Amino acid sequence: MTGLLAAAGLVLLPWVLVLAQEPGSAGWVALDLAEAGSLLGCAALLRRGAGALGAARVAAGLAAALLLVDAAVDVSTAGSAWAVAVAMAVGAELPLAGLCTRLAVGGARVARTVPELALAA
């Protein structure tokens, strides 16, 4: 799961550079940067292990909300590119939002990265 979240966040970065070349795209650039940041942040927190799971769940919830907004606005404003927007929503944004939601509500487990020490009495 960590790798998927990180990969999704990294894939958005070159897209943001392409998108930034279009006039009037500042809002989309900001939204996609926020998505990338929340996905990459969530992945980094998950790599820290169980101690950072609460923060990872917050980042996952943020990512899910941003992805849902992105999909909804894309589809509702796509015009002649509606089929492409629906394909992106169904093929990428909504499944990733579902995974992030599952993590955010506690449906995913993270292994401890640091073993607990047994204290001798």
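Quick caveat: nothing in here was measured; it's all calculated off a predicted structure. (Residues numbered from 1 in each chain as written. Predicted model: local features only at pLDDT ≥ 70, side-chain atom pairs only at ≥ 80, totals over all residues. Heavy atoms only, no water.)

Caption draft 1: Up close: the packing of helix H1 (residues 2–19) against helix H2 (residues 26–48). Put simply, H1 and H2 touch, their axes get as near as 8 Å, and they point 155° apart. The orientation of H1 with respect to H2, classified from their angle, is roughly antiparallel. Both H1 and H2 take part in a crossing whose hand is left-handed. Contact residues: H1 offers Thr2, Leu5, Ala6, Ala8, Gly9, Leu10, Leu12, Leu13, Trp15, Val16 and Leu19, while H2 offers Trp28, Val29, Asp32, Leu33, Glu35, Ala36, Leu39, Leu40, Cys42, Ala43, Leu46 and Arg47. Of the residues in the contact of H1 with H2, the class split is 18 nonpolar, 2 polar and 3 charged. (Axes fitted to C-alpha atoms, helices over the stretch in contact; angles between N-to-C directions. Helix = DSSP H or I, 4+ residues; strand = E, 2+ residues; numbered from the N terminus. Parallel < 35°, antiparallel > 145°, perpendicular 65-115°, else oblique. Left-handed = near helix turned anticlockwise from the far one by under 90°. Contact = heavy atoms within 4.5 Å. Nonpolar A, V, L, I, M, F, W, Y, C, P; charged D, E, K, R; others polar.)

Caption draft 2: View of the side chain of Ser25. Here Ser25 shows up in the loop between H1 and H2. Within the structure, Ser25 has its side chain in polar contact with the backbone oxygen of Leu19 (distance 2.8 Å). In terms of polar contacts, Ser25 uses its side chain to reach the backbone carbonyl oxygen of Glu22, at 2.8 Å. (Polar contact = N/O pair within 3.5 Å; in protein donor to acceptor, adjacent residues only side chain to side chain.)

Caption draft 3: Expanded view of the side chain of Ser38. Tracing the sequence through the fold places Ser38 in helix H2. Ignoring sequence-local partners within four residues, the contact set of Ser38 consists of Ala59, Leu62, Ala63 and Leu66.

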